[in-house]
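The residues making up each chain are set out below.
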There are 2 protein chains.
Amino acid sequence: MVQERINEFAKYIEKKGLKTTQQRNDIIRTFLKSGGHLSVDDLHQKVKKVNPRVGYATVYRTLKLLSESGVAVERHFDDGHTRYEHLEPEEHHDHLICIKCGDIIEFEDKNIESLQEKVAKKHGFRVVTHNLEMYGYCKKCNGNT
Amino acid sequence: MVQERINEFAKYIEKKGLKTTQQRNDIIRTFLKSGGHLSVDDLHQKVKKVNPRVGYATVYRTLKLLSESGVAVERHFDDGHTRYEHLEPEEHHDHLICIKCGDIIEFEDKNIESLQEKVAKKHGFRVVTHNLEMYGYCKKCNGNT
DNA sequence: TTTGAAATTGATCATTATTTTCATTTCTCA
DNA sequence: TGAGAAATGAAAATAATGATCAATTTCAAA
Ligand SMILES: [Mn+2]
Ligand SMILES: [Mn+2]
Ligand SMILES: [Zn+2]
Ligand SMILES: [Zn+2]
């Protein structure tokens, strides 16, 4: 639920002694309303339609805050643009990324996750985050160039 | 074997109609002699000890060629520095990365790999490359801050 | 061995994503 | 409502990487 994410972020802002502003509200609402994996530029484009005076730097700063608060997660796919998506708490997934059309498929596989933990444990390693990305050709692009 | 990698690269250079040069030789030998996951800067530092006149750009260019040839692979961990390591043909592994001391543990898990393929197949996706990275605390860093 | 076209090199400049600065504006709340 | 703290946006600063280009090197043909 969008409102819950907004409240969650508000709580984080409050706890850090920061302030609520119109720009932040516009950015957060636009972000939460959007699906997919947004670059800073993507989001800035969208926010400008709502509030043309929002600056690029503020989008950067707000996305950073959203990540810190747990409302958003940063993704670093292999295209040199950090992307953000919003997740429900405790939610997690990994990605299949088409190197032809750019389509991104999300998946979650408990068996893989549990084997990952097993590997980590074998090395005495405590995992905080992980990412599993597979690059290749999606179904649609498979029969082409 | 280092010599085999050198030959492999020579063959690639030849096939592309490129030339053998002292700089490339120095860079390649230094790279193959080194273990670990080297940044461009790391490698440049090392090469300069062998041949001080080697420029930064040439290290970039040569690492690119090494990757194309299959002798090296590029890694994009979450620190903004592309790193390179050399692998034997057909070799593959993934990484556990300590966010405290920076140590990198390599692992290979056929079970995980096979589950990955299964997930991809389920989505009609043909995987070309993948990367699985787990960030956290290594055994040594676990009992500290 | 000489030669010259093609490739390479290194210094420097260009680019691009992201961060920082800082003067100005906006919030918060006593 | 007014002061102090935080936020903003425009522009400058960073930092990794890529592109340019004149000078140098390689190599196969002569
Ligand atoms: Mn996703
Ligand atoms: Mn490795
Ligand atoms: Zn596709
Ligand atoms: Zn460690």
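If you're wondering where the values come from, they're calculated on a predicted model, not measured in any experiment.

Colleague: Please give an account of the protein's contact with DNA strand D that cites residues and values.
Modeller: A:K19, A:T21, A:R53, A:T58 and A:R61 are the nearest of the 19 residues found near DNA strand D. At a separation of 2.9 Å, a phosphate oxygen of DNA strand D approaches a polar backbone atom of A:G55. If you list the elements that add at least two residues to the surface near DNA strand D, you get α2 (22–33) and α4 (56–69) of chain A together with α4 (56–69) of chain B. When residues of the surface near DNA strand D are assigned to their parent elements, the largest contribution, three residues, is made by α4(B). In terms of residue class, the surface near DNA strand D is built from three nonpolar, nine polar and seven charged.

Colleague: Which residues make up the side chain of A:D94, and what values go with them?
Modeller: Residues and elements named next belong to chain A. Tracing the sequence through the fold places D94 in strand β4 (residues 94–98). Although D94 is buried, it makes no salt bridge; R75 carries the closest opposite charge, 5.6 Å away. Only 3.4 Å separates the side chain of D94 from the side chain of H130, close enough to count as a polar contact.

Colleague: Explain the packing of helix α5 (residues 110–122) of chain A against helix α5 (residues 110–122) of chain B to me, and be specific about the residues and the numbers.
Modeller: In the contact formed by α5(A) and α5(B), the axes pass within 10 Å of each other and the chain directions differ by 160°. The orientation of α5(A) with respect to α5(B), classified from their angle, is roughly antiparallel. For the pair α5(A) and α5(B), the sense of crossing is left-handed. Taken together, the residues of α5(B) that come into contact with α5(A) (itself represented by A:N111, A:I112, A:L115, A:Q116 and A:V119) are B:N111, B:I112, B:L115, B:Q116 and B:V119. In terms of residue class, the contact of α5(A) with α5(B) is built from six nonpolar, four polar and no charged.

Conventions we followed
Residues numbered from 1 in each chain as written. Chains lettered and ligands numbered in written order. Predicted model: local features only at pLDDT ≥ 70, side-chain atom pairs only at ≥ 80, totals over all residues. Heavy atoms only, no water. Near = heavy atom within 4 Å. Polar contact = N/O pair within 3.5 Å; in protein donor to acceptor, adjacent residues only side chain to side chain. Helix = DSSP H or I, 4+ residues; strand = E, 2+ residues; numbered from the N terminus. Nonpolar A, V, L, I, M, F, W, Y, C, P; charged D, E, K, R; others polar. Buried < 20%, exposed > 50% of the residue type's maximum accessible area, 1.4 Å probe, protein only. Lys, Arg positive; Asp, Glu negative; His and termini not counted. Salt bridge = Lys/Arg side-chain N within 4 Å of Asp/Glu carboxyl O. Axes fitted to C-alpha atoms, helices over the stretch in contact; angles between N-to-C directions. Parallel < 35°, antiparallel > 145°, perpendicular 65-115°, else oblique. Left-handed = near helix turned anticlockwise from the far one by under 90°. Contact = heavy atoms within 4.5 Å.

Everything listed here is a matter of geometry and, on its own, says nothing about what the molecule does.
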